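Residue-level structural notes
The residues making up each chain are set out below.
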Amino acid sequence: MIERKYSDEETWNRIRRAVEKVKDRMRRVSQALNVADIPYAIIGGNAVQYWVAQVDESVVRSTRDVDIIINRSDLESVTRVLAESGFIYRHAKGITMFLDGPDAKARDAVHVLFAGEHVRPDSLAPVPQIQPFESMETGVRTLPLEQLVTMKLTSYRLKDRVHLLDMISIGLIDETWPPRFSAGLRDRLQQLIDDPDG
């Protein structure tokens, strides 16, 4: 049996702080890049939250980190700008990230993908370009929904499939969507639509 370390009130306070830390990290990164006029797009769970909330806020899930697309040609500038906001550049095991301070863990980092590049050699599609972008909230940029779905279908990890199923469950994605994608991505999406409990 798991020992309870915290009171009920403190447990809920910890949950709220965890959610707000991610949002604060996302806003600080966005603000720094906006001020420097460096193009980017917030992706991953934060972007999924934004699109899902347009339809049904009860389906919104928490996310533990910040994922972002930049142009590889901007990496040096991004590193300099984010360092001024306390973020520390790291590249480990093929992953580019910015740690939120010297004591931060990799799971708390800002994880970087590069526009137009394949994340893995066998990826079915490259990372989308940053333009055009959507405004998630004041000063925070994300991808249009179709490009975000492309990324989720390309990665297709468990959490990506869960995000896609959430979007399907609220009608954000429906049976008209598969023809928008190339064969491999189309087949993945069709399978989720046909068998969501798979």
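The following refers to the structure shown.

**With respect to helix α4 (residues 145-155)**
- Within α4, eight of the eleven residues are buried, which leaves it mostly tucked inside the rest of the structure.
- By the burial criterion, the buried members of α4 are Leu 145, Leu 148, Val 149, Thr 150, Met 151, Lys 152, Leu 153 and Thr 154.
- Buried residues in α4 make contact with β1 (41-43), α2 (44-53), β2 (66-70), β5 (110-114), α5 (158-169) and α6 (183-194).
- Just beyond α4, the residue with positive phi is Tyr 156, at close to 55°.

**A short note on the pairing of β2**
- Across the five residues that make up β2, a large majority, five, are buried.
- Judged by which residues are buried, β2 turns out to be covered on both faces: Val 66, Ile 68 and Ile 70 on one side and Asp 67 and Ile 69 on the other are all buried.

**What to know about a nonpolar patch on the surface**
- Taken together, the side chains of Trp 12, Ile 15 and Val 19 present a nonpolar region at the surface, about 290 Å² in accessible area.
- Among the structural elements, Val 19 can be located in helix α1 (residues 8-35).
- Looking at Val 19, the relative accessible area reads 35%, which means it is partly exposed.

**Regarding the layout of surface pockets**
- Of the volumes computed, that of the largest pocket is approximately 920 Å³.
- Residue lining of the largest pocket: 37 residues in total, with Asp 67, His 111, Leu 113, Val 119 and Arg 157 positioned closest to the centre.
- Of all the elements in the fold, those that place two or more residues in the lining of the largest pocket are α2, β3 (87-92), β4 (95-100), β5, α4 and α5.
- In terms of residue class, the lining of the largest pocket is built from 13 nonpolar, eleven polar and 13 charged.
- By volume, the second largest pocket is sized at about 250 Å³.
- Along its surface, the second largest pocket is lined by Ala 18, Lys 21, Val 22, Arg 25, Thr 63, Arg 64, Lys 105, Arg 107 and Asp 108.
- For the lining of the second largest pocket, a count of residues per class yields two nonpolar, one polar and six charged.

**Re the packing of α2 against α4**
- Relative to each other, α2 and α4 sit at 135°, their axes nearing to 11 Å. Judged on the interaxial angle alone, α4 and α2 are oblique. Relative to α4, the crossing made by α2 is left-handed. Here α2 contributes Gly 44, Ala 47, Val 48 and Trp 51 to the contact with α4, which in turn contributes Leu 145, Leu 148 and Lys 152.
- Residue composition of the contact of α2 with α4, by class: five nonpolar, one polar and one charged.

**Overview of a positive patch on the surface**
- On the surface, Lys 5, Arg 14, Lys 21, Arg 64, Lys 105, Arg 107 and Lys 159 cluster together into a positively charged patch.
- Position of Lys 5 relative to the elements: it lies in the segment before α1.

The rules behind each value
- Residues numbered from 1 in each chain as written.
- Predicted model: local features only at pLDDT ≥ 70, side-chain atom pairs only at ≥ 80, totals over all residues.
- Heavy atoms only, no water.
- Buried < 20%, exposed > 50% of the residue type's maximum accessible area, 1.4 Å probe, protein only.
- Helix = DSSP H or I, 4+ residues; strand = E, 2+ residues; numbered from the N terminus.
- Contact = heavy atoms within 4.5 Å.
- Patch = residues over 30% accessible without salt bridge, like charges linked within 9 Å, V, L, I, M, F, W, Y side chains within 5 Å.
- Areas by Shrake-Rupley, 256 points an atom, 1.4 Å probe, with all protein chains shown as cover.
- Salt bridge = Lys/Arg side-chain N within 4 Å of Asp/Glu carboxyl O.
- 1 Å grid on protein atoms, 1.4 Å probe; cavity = no way out; pocket = protein on both sides within 12 Å on 5 of 7 lines; lining within 4 Å.
- Points joined across faces, edges and corners; volume = space filled by probe spheres on them.
- Nonpolar A, V, L, I, M, F, W, Y, C, P; charged D, E, K, R; others polar.
- Axes fitted to C-alpha atoms, helices over the stretch in contact; angles between N-to-C directions.
- Parallel < 35°, antiparallel > 145°, perpendicular 65-115°, else oblique.
- Left-handed = near helix turned anticlockwise from the far one by under 90°.
- Lys, Arg positive; Asp, Glu negative; His and termini not counted.
- Charge placed at Lys NZ, Arg CZ, Asp CG, Glu CD.

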